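Letter by letter, the chains look like this.
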Amino acid sequence: GAVVSQHPSWVICKSGTSVKIECRSLDFQATTMFWYRQFPKQSLMLMATSNEGSKATYEQGVEKDKFLINHASLTLSTLTVTSAHPEDSSFYICSARGDTNTEAFFGQGTRLTVV
Amino acid sequence: AQSVSQHNHHVILSEAASLELGCNYSYGGTVNLFWYVQYPGQHLQLLLKYFSGDPLVKGIKGFEAEFIKSKFSFNLRKPSVQWSDTAEYFCAVPNQGGKLIFGQGTELSVKP
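What comes next is a walk through the structure. (Residues numbered from 1 in each chain as written. Chains lettered and ligands numbered in written order. Predicted model: local features only at pLDDT ≥ 70, side-chain atom pairs only at ≥ 80, totals over all residues. Heavy atoms only, no water.)

Side note on the state of the cysteines
- Counting across every chain of the model gives 2 disulfides over all chains.
- Disulfide pairing is shown between A:Cys23 and A:Cys94; the S-S distance is 2.0 Å. Residues A:Cys23 and A:Cys94 share a disulfide whose torsion about the S-S bond is about 80°; that sign makes it right-handed. Of this pair, A:Cys23 sits in strand 3 (residues 19-25) while A:Cys94 sits in strand 9 (residues 90-97), placing them 71 residues apart in sequence. Residue A:Cys23 shares its accessibility class with A:Cys94, and that shared class is buried.
- Across the disulfide from B:Cys23 sits B:Cys91; the S-S distance is 1.9 Å. Where B:Cys23 bonds to B:Cys91 through sulfur, the torsion about that S-S bond is close to -60°, and the disulfide is left-handed. Taken together, the residues B:Cys23 in strand 4 (residues 23-25) and B:Cys91 in strand 10 (residues 87-94) connect sequence positions 68 residues apart. (Disulfide = S-S within 2.5 Å. Helix = DSSP H or I, 4+ residues; strand = E, 2+ residues; numbered from the N terminus. Buried < 20%, exposed > 50% of the residue type's maximum accessible area, 1.4 Å probe, protein only.)

So, in C-alpha cells, the structure goes:
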C-alpha cells in the first residue's frame with residue numbers, strides 16, 4: 001500500500017511552547033488528510049479534515065486556534081499544537097487519502113508529551 | 001450521523017481458537033467498511049475493506065469479514081488465531097462527508 005510518513009515520532013516539549021507535526025504522503029497525492037488523536041486504550045478521535053489548498057474542517061469541540069492545520073500541498077499537511085499544555089499530551093495520528101472512495105493510509109503517529 | 005460500535009473491548013483467546021469480532025454501523029445507505037489493525041508499537045494497517053460486490057471479504061493474514069446489510073454488521077473473523085495476531089482491531093466507516101469514523105477498538109490477546 002501507499003506510504004504515509006509522520007514526523008517526529010515522538011516529541012517532548014515544555015508547557016507553553018508550540019510543536020509542529022508533519023504528515024507526508026510519499027508515493028501518492030493526498031487530496032484529503034485527516035488528523036486524529038488517540039488516548040491510551042481508546043479509539044481514534046477525529047480532530048480535523050484538511051483538503052489541499054483550503055481551510056481545515058474541525059470536529060466539534062476541537063479548538064482550531066490551538067490545533068493549527070495547514071495542507072499546503074498534495075503531499076504535506078502539518079498540525080501545530082500551539083501553547084501546548086500537559087493535557088495536550090497524546091498520540092496524534094494522521095491519515096491521507098487520494099480519491100474519496102479509496103482507503104486512507106495512516107502515518108506511524110506522533111507521541112507528544114508536554115511537561 | 002454515522003456511528004460505529006464494536007461489541008468487545010478485550011478478547012482473550014488461546015492459539016488456534018477461532019475469532020469473531022463484532023462491528024455494527026448505523027447508516028443504512030451505500031456504505032464502505034474497513035477493518036484496521038494496530039500491532040503494539042506500530043501504526044494502523046488495513047486488514048480488509050468492503051466497497052461493493054461479494055459481501056464476504058478476504059483480507060491479509062487469513063482474516064475475513066462478512067457484510068450483512070440487514071444487520072448493519074461487518075464482523076471480522078479468523079478460523080485459527082496465532083500469538084502474532086495480538087493487537088488492537090478497529091472497525092471504521094466513512095460518514096456522509098467521507099470522514100473515517102472508528103469504533104472503540106477491540107484489544108485481542110492471544111495466549112501461546
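Re the packing of aromatic side chains
- A full pass over the atoms with the stated rule returns 15 aromatic pairs over all chains.
- Consider the rings of A:Tyr36 and A:Phe106, whose centres lie 6.0 Å apart with planes at 40°: the pair is tilted. With A:Tyr36 in strand 4 (residues 32-38) and A:Phe106 in strand 10 (residues 105-106), the pair connects residues that are 70 residues apart, well separated along the chain. For the residue pair A:Tyr36 and A:Phe106, the accessibility class agrees, reading buried in each case.
- On the basis of an interplanar angle of 70° and a centroid distance of 5.7 Å, the ring pair of A:Phe106 and B:Phe102 is categorised as edge-to-face. Taken together, the residues A:Phe106 in strand 10 and B:Phe102 in strand 11 (residues 100-102) connect one chain to another.
- Accessibility expressed as a relative area gives 9% for B:Phe102, which makes it buried.
- Three or more aromatic residues joined by ring pairs make a cluster, and in this case those are A:Phe34, A:Tyr36, A:Phe106, B:Phe34, B:Tyr36, B:Phe51, B:Phe90 and B:Phe102. (Phe/Tyr/Trp six-rings, centres within 6.5 Å; stacked < 30°, edge-to-face > 60°.)

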